[in-house]
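Observations on the three-dimensional arrangement
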Amino acid sequence: MKIMITGGAGFIGSNLILSWLENHPEDILVNFDCLTYAGNLANLKEIENHSNYHFYKGDLRLPKDIEAAFEKYQIEAVIHLAAESHVDRSILTPDQFIQTNIVGTFNLLETAKHFWQTELSKHRFLHVSTDEVYGSLGESGYFQETTPYRPNSPYSASKAGSDHLVRAYYHTYGMNTIITNCSNNYGPYQFPEKLIPLLIKNCMEQKPIPVYGNGSNIRDWLYVKDHCCAIDLAFHKASAGETYNIGGLNEWKNIDIVRYICRYLDEKLNRSGDNSCQQLITFVKDRPGHDQRYAIDASKIQQTLSWQPEFSFEIGIQETINWYLDHQAWVAQVTSGEYQKYYIQQYEKR
Ligand code: NAD
Ligand code: DAU
């Protein structure tokens, strides 16, 4: 099958391409990505010459780019990950989130509908979304597929908008869509603006670790490889029009996960006392509209598609930390340009 993976040069997209080529060597993958600050082809170095992998530099905001890629590769299915994905940036520059996440998804749906018109129901369109569309939880309860959408940030509102469009193309035109809503991912190739890679980087460089507010916000962390496995299963086994929540049943308060990673790094880097990574923890002004708690009820995908996370948090986070320690050149490269300006605006001018 010829599958377009949008956002394949980003964090989850590159992990997905690497695992997909290994698990489905017969498929042809077209990585459609415009290479924003978050997209990096170095993530895919090991497969760049693979005969069943192609990179297409295209922008979802430009319908002609999508049409040209569909035409060139005769695309038969789509897994849509490309997005502006960072909440803090959506607070600083919401416009890009509306253009890529909503208008871009609309452009992709329209092109696919036009291209597959006579056999629309035969071509799978899997849309990768987030648990943030459901808003924020109190101390108890879980997000279920039936939980009403209540997005609170420009990012989550733009993802909610894209989910609604995908849903509408199933109901109105009979497109063969699937939506997955996943919790916080961690793992190799995550851009160091997100909490876990940022804190590993700052520990290595002995810079302050910014913890928003009092650090009591809770996230449900899933290893990226388990997310990729869930996407693969949903792509192959789910019925059209279905939505699935994906999560690790692995809730952590931010301050606890920060301290846990600091302890691990202290051991690895031989730091203690005044030199301990714990000493770098710095409470800073809270994120505006900061959601308190996310937690996923993943029983639907567990029961209907037999998905289970394979990696315990202990193993996943060790693999992740070790990966960052071993790939300092990658970290230096992706943070050498635009990141510097963003970092000053986000952390040093507040
Ligand atoms: P990322 O920011 O690491 O990567 C996004 C990719 O999309 C980049 O390669 C970028 O170049 C590309 N892109 C952005 N705008 C584009 C455009 N206009 N045209 C073409 N390509 C464009 O994101 P990620 O963390 O890998 O997330 C991937 C998807 O998964 C997103 O849709 C996100 O909402 C969703 N998601 C992420 C998480 C998470 O914890 N990271 C959790 C649940 C869902
Ligand atoms: O829940 C899924 C979502 O998870 C995805 O849809 C998003 O694409 C992804 O970015 C992530 O969103 P979060 O806002 O939860 O992730 P982030 O890593 O930015 O922040 C995690 C928590 O840590 C959050 O409560 C904010 C806090 N935080 C974050 C940063 C960057 C800090 O305390 N300090 C920081 O410097």
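The paragraphs below set out a description of the structure included in this document. (Residues numbered from 1 in each chain as written. Chains lettered and ligands numbered in written order. Predicted model: local features only at pLDDT ≥ 70, side-chain atom pairs only at ≥ 80, totals over all residues. Heavy atoms only, no water.)

1. Re the packing of aromatic side chains
Two aromatic rings are characterised by how far apart their centres lie and by the angle between their planes. Inspection of the entire model under this criterion finds 26 aromatic pairs. Between Phe32 and Tyr56, the aromatic rings sit 5.9 Å apart at their centres with planes inclined by 5°, giving stacked as the arrangement. In this pair, Phe32 sits in strand S2 (residues 28-33) while Tyr56 sits in strand S3 (residues 53-57), placing the two residues 24 residues apart along the sequence. On the basis of relative accessibility, which here comes to 1%, the residue Phe32 falls in the buried class. Judged by relative accessible area, which is 17%, Tyr56 ranks as buried. Geometrically, the ring pair formed by Tyr169 and Tyr173 is tilted, given 4.8 Å between the ring centres and 55° between the ring planes. Placement of both Tyr169 and Tyr173 in helix H5 (residues 154-173) is noted, with a separation of 4 residues, approximately one turn of the helix. (Phe/Tyr/Trp six-rings, centres within 6.5 Å; stacked < 30°, edge-to-face > 60°. Helix = DSSP H or I, 4+ residues; strand = E, 2+ residues; numbered from the N terminus. Buried < 20%, exposed > 50% of the residue type's maximum accessible area, 1.4 Å probe, protein only.)

2. Quick look at the site of ligand 2
Around ligand 2, the structure places 25 residues, and the nearest of them are Asp131, Tyr155, Arg287, His290 and Tyr347. Residue Arg287 places a side-chain N or O atom 2.6 Å away from an oxygen atom belonging to ligand 2. Out of a free accessible area of 680 Å², ligand 2 has 95% covered by protein chains. For the shell around ligand 2, the elements supplying multiple residues, two or more each, are helix H3 (87-92), helix H6 (195-205) and strand S8 (209-212). (Near = heavy atom within 4 Å. Polar contact = N/O pair within 3.5 Å; in protein donor to acceptor, adjacent residues only side chain to side chain. Areas by Shrake-Rupley, 256 points an atom, 1.4 Å probe, with all protein chains shown as cover.)

3. Topic: the nonpolar core
Ile79, Ile209 and Ile261 are the most contacted members of the largest nonpolar core, which totals 81 residues. No other element matches helix H8 (residues 254-269), which puts 8 residues into this core. With near-sequence residues (within four places) excluded, Ile209 lies in contact with Leu199, Asn202, Cys203, Val258, Cys262, Cys277, Leu280, Ile281 and Thr282. Core analysis: the next-biggest nonpolar cluster, separate from the first, contains 22 residues, Phe32, Phe70, Leu120 and Tyr169 among them. (Core = buried A, V, L, I, M, F, W, Y, C linked by side-chain atoms within 4.5 Å. Contact = heavy atoms within 4.5 Å.)

4. Side note on the packing of helix H2 (residues 63-73) against helix H4 (residues 94-115)
Running from N to C, H2 and H4 cross one another at 40°; their axes reach a closest spacing of 9 Å. Regarding the angle of H2 to H4, the classification is oblique. By crossing handedness, the relation of H2 to H4 is classed as right-handed. Contact residues: H2 offers Pro63, Ile66, Glu67, Phe70 and Glu71, while H4 offers Asn107, Leu108, Thr111, Ala112 and Phe115. Here the contact of H2 with H4 is composed, by residue class, of 6 nonpolar, 2 polar and 2 charged. (Axes fitted to C-alpha atoms, helices over the stretch in contact; angles between N-to-C directions. Parallel < 35°, antiparallel > 145°, perpendicular 65-115°, else oblique. Left-handed = near helix turned anticlockwise from the far one by under 90°. Nonpolar A, V, L, I, M, F, W, Y, C, P; charged D, E, K, R; others polar.)

5. Considering the sheet that holds strand S4 (residues 77-80)
What the 7 strands build is an open sheet, ordered S3-S2-S1-S4-S5-S6-S10; its pairing is parallel. The open sheet is flanked by S3 and strand S10 (243-246), the only strands paired with a single partner. For this sheet, the mean angle separating the axes of adjacent strands, direction not counted, is 20°. Along the sheet, helix H1 (residues 11-23) contacts strand S1 (2-6), S2, S3 and S4; its crossing angle with S2, the most-contacted strand, is approximately 170°. Against the sheet, helix H7 (residues 224-237) contacts S1, S4, strand S5 (124-130), strand S6 (176-182) and S10, and its axis sits at roughly 145° relative to S5. (Pairing = 2+ DSSP bridges.)

6. Thoughts on the pattern of salt bridges
Counting across every chain of the model gives 13 salt bridges. We note a salt bridge from Arg287 to Asp88, for which the minimum N-O separation is 2.7 Å. Note that Arg287 is positioned in the loop between strand S12 (281-284) and helix H9 (299-305) and Asp88 in helix H3, a separation of 199 residues in sequence. One exposure class covers both Arg287 and Asp88, and it is buried. Ionic pairing is found between Lys201 and Glu205, a salt bridge with its closest N-O pair at 3.2 Å. With a gap of 4 residues between them, Lys201 and Glu205 both fall in helix H6, about one helical turn apart. The class for Lys201 is buried, based on a relative accessible area of 6%. Accessibility expressed as a relative area gives 41% for Glu205, which makes it partly exposed. Taken together, the salt bridges that share partners define one network made up of Arg89, Glu193, Lys194 and Glu338. (Salt bridge = Lys/Arg side-chain N within 4 Å of Asp/Glu carboxyl O.)

7. Overview of the sheet that holds strand S11 (residues 251-253)
The strand order across the open sheet built from 3 strands is S7-S9-S11, with neighbouring strands paired in mixed fashion. The open sheet terminates on both sides in strands that have one partner only, identified here as strand S7 (184-186) and S11. Put simply, the sheet's adjacent strands are angled 50° from each other on average, direction ignored. Sheet analysis places S7 next to strand S9 (residues 218-223), joined by 3 bridges and oriented parallel. If you follow Asn184 over to S9, its bridge partner there is Trp221. This element, H7, spans S7 and S9 of the sheet and lies at about 70° to S9.

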